[in-house]
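Here is what each chain is made of, one letter per residue.
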Amino acid sequence: MPKHPVINLTAQYTFSSPAIVRNYLPEALLPEKTLLWLSEAFISGDALPGQLILKGDLSQFPFTHQNGIFTVDTTISNLVFHFSNEWPNITDMKGDLLFTGHSMQVTVTHGQWMTMPLDAVTARIPNLNGHSHMELDIHANTQHTQTPTDTDTDTQTQTQTHRHRHTDTHTHRDTHT
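The rules behind each value
Residues numbered from 1 in each chain as written. Predicted model: local features only at pLDDT ≥ 70, side-chain atom pairs only at ≥ 80, totals over all residues. Heavy atoms only, no water. Helix = DSSP H or I, 4+ residues; strand = E, 2+ residues; numbered from the N terminus. Buried < 20%, exposed > 50% of the residue type's maximum accessible area, 1.4 Å probe, protein only. Contact = heavy atoms within 4.5 Å. Areas by Shrake-Rupley, 256 points an atom, 1.4 Å probe, with all protein chains shown as cover. Phe/Tyr/Trp six-rings, centres within 6.5 Å; stacked < 30°, edge-to-face > 60°. Salt bridge = Lys/Arg side-chain N within 4 Å of Asp/Glu carboxyl O. Pairing = 2+ DSSP bridges.

Caption draft 1: Region of the structure containing the overall build of the protein chain. A tally of helices and strands in the protein chain yields one helix and ten strands. Counting from the amino terminus, the protein chain carries its helices and strands in the arrangement β-α-β-β-β-β-β-β-β-β-β. Per-residue burial for the protein chain yields a buried fraction of 33% across its 177 residues. Taking the intrachain contacts of the protein chain between residues at least 6 apart in sequence as the baseline, contacts between residues at least 24 apart amount to 50%. Surface summary for the protein chain: the accessible area is close to 10600 Å², and the carbon and sulfur share equals 53%.

This is the structure we're talking about:
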């Protein structure tokens, strides 16, 4: 018989609003700055359906040494995301939010930042519990419509692709945990 409680749980859930996520954050496991950032990041949006998997010896939670499984996988839709007071919110976000152990990854398939539509954004914090950095991989397609000229009667649309890989250990919104 195991010395510590062992769990094997898979559960489906739906949060009625992204704003209530703050009520379910593991306060005992996360630094205060991380808790504050996460509790303010999810402003509004559609209900959040997802799946929780928790398997292993509970004394080893959140299983950072691969000795168990802890994942929270949530589908996001029409989310308004607040990264920092110095940055405009990202709106109309659609994609996936994944917590695994102490890491968090957001994969956005659609969103709007200022006037720029986003079609592929990945943000990852490898360690929410320790000194970590945020990694951003942004791919955005923007369409610019040109006004017709005397020689060109058709409106032209150009697509530009911006790819940016950013690893930052210091941000204005102290994500350095």
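Further notes follow.
Caption draft 2: Spotlight on the packing of aromatic side chains. According to the stated counting rule, one finds nine aromatic pairs in the structure shown. An angle of 80 degrees between the planes, with centres 6.2 Å apart, marks the rings of Trp37 and Phe83 as edge-to-face. Taken together, the residues Trp37 in helix α1 (residues 32–41) and Phe83 in the loop between β4 (68–81) and β5 (90–100) connect sequence positions 46 residues apart. Look at Trp37 and you get buried, because its relative accessible area is 3%.

Caption draft 3: View of the pattern of salt bridges. Tallied over the full model, the rule gives one salt bridge. Between Lys94 and Asp92 there is a salt bridge, with its nearest N and O atoms 2.7 Å apart. We classify Lys94 as partly exposed; its relative accessible area is 27%.

Caption draft 4: Up close: unusual backbone geometry. Positive phi, normally seen in glycine, also occurs at Gln66, with a value near 60 degrees. Note that Gln66 resides in the loop between β3 (48–57) and β4. The phi dihedral of Met114 is positive, around 55 degrees, even though this residue is not glycine. Note that Met114 resides in the loop between β6 (103–113) and β7 (116–118).

Caption draft 5: Up close: the pairing of β3. The pairing of strand β1 (residues 6–15) with β3 spans ten bridges and is classified as antiparallel. Within β3, the residue paired with Ile7 across the bridge is Gly56. Alignment of β3 against β4, held across seven bridges, turns out to be antiparallel. If you follow Gln51 over to β4, its bridge partner there is Asp73.

Caption draft 6: Examining the environment of Val106 more closely. Structurally, the position occupied by Val106 is in strand β6. We classify Val106 as buried; its relative accessible area is 9%. A C-alpha to C-alpha distance of 9.6 Å links Val106 and Thr74, two positions 32 residues apart in sequence. Excluding residues that lie within four positions of it along the chain, Val106 makes contacts with Ile76, Met93, Asp96, Leu97, Val121, Thr122 and Ala123.

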